[in-house]
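A closer look at the structure
Here's the letter readout for the chains.
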Amino acid sequence: MDTDLMMVIGLVVGVFSIPSILGALVDGRVPRAASIAVMVSGGLIVLAIRENPGGYAVGDIPNVFVNVIGKYIN
């Protein structure tokens, strides 16, 4: 799997898990599914950083999103 794709999927899953965490905490439930999503997200992000030779800087993230979207839409 492409490291840029792993980074994008990890970031998207991580962002989408935030409402799930908040909803579970407000309802007084344990955020089981959200915690699994956070672990998957963290694992993908760490794997992408480890496998990419130069690593990722915070300023590179928007370019990574655009490159992945452009690569898989075309």
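Treat the numbers as computed from the prediction; the structure is a model and nothing was measured.

**Here's the deal with the packing of helix α1 (residues 3-27) against helix α2 (residues 32-51)**
The contact between α1 and α2 brings their axes to 8 Å, and the two run at 155°. Relative to α2, α1 is oriented roughly antiparallel. Seen along the crossing, α1 lies across α2 with a hand that is left-handed. Between α1, through Thr-3, Met-6, Met-7, Ile-9, Gly-10, Leu-11, Val-13, Gly-14, Ser-17, Ser-20 and Ile-21, and α2, the contact on the second element is made entirely by Ala-34, Ala-37, Val-38, Ser-41, Leu-44, Ile-45, Leu-47, Ala-48, Ile-49 and Glu-51. Along the lines of polarity and charge, the residues of the contact of α1 with α2 split into 14 nonpolar, six polar and one charged.

**Here's the deal with the pattern of salt bridges**
Proximity of charged atoms lets side chains of opposite charge pair with each other. Across all of its chains, the model carries two salt bridges by this definition. In this structure, Arg-29 and Asp-27 form a salt bridge, with 3.3 Å as the shortest nitrogen-oxygen distance.

Basis of the calculations
Here the residue numbering is sequential within each chain, running from 1 through the sequence in written order. Where local features are concerned, this predicted model is filtered to residues with pLDDT of at least 70; where side-chain atom pairs are given and counted, the filter is 80 or more; whole-chain, interface and lining totals use all residues. Calculated side-chain values reflect all of the structure's heavy atoms, with hydrogen atoms and water omitted. Think of each axis as a best-fit line through the C-alpha atoms, taken over the contacting stretch in the case of a helix, with angles from 0 to 180 degrees between the N-to-C directions. Only DSSP runs of H or I reaching four residues or more are called helices, and only runs of E reaching two or more are called strands; each is numbered from the N terminus. For this classification, under 35 degrees means roughly parallel, over 145 means roughly antiparallel, 65 to 115 means roughly perpendicular, and everything else is oblique. Each helix crossing is assigned a hand: it is left-handed if the near helix lies turned anticlockwise from the far helix by less than a right angle, otherwise right-handed if that turn is clockwise. Here, two residues are considered to be in contact whenever any of their heavy atoms come within 4.5 Å of each other. As a working rule, the residues Ala, Val, Leu, Ile, Met, Phe, Trp, Tyr, Cys and Pro are called nonpolar, Asp, Glu, Lys and Arg charged, and the rest polar, with Gly in that last group. One speaks of a salt bridge when a side-chain nitrogen belonging to Lys or Arg is within 4 Å of a carboxyl oxygen belonging to Asp or Glu.

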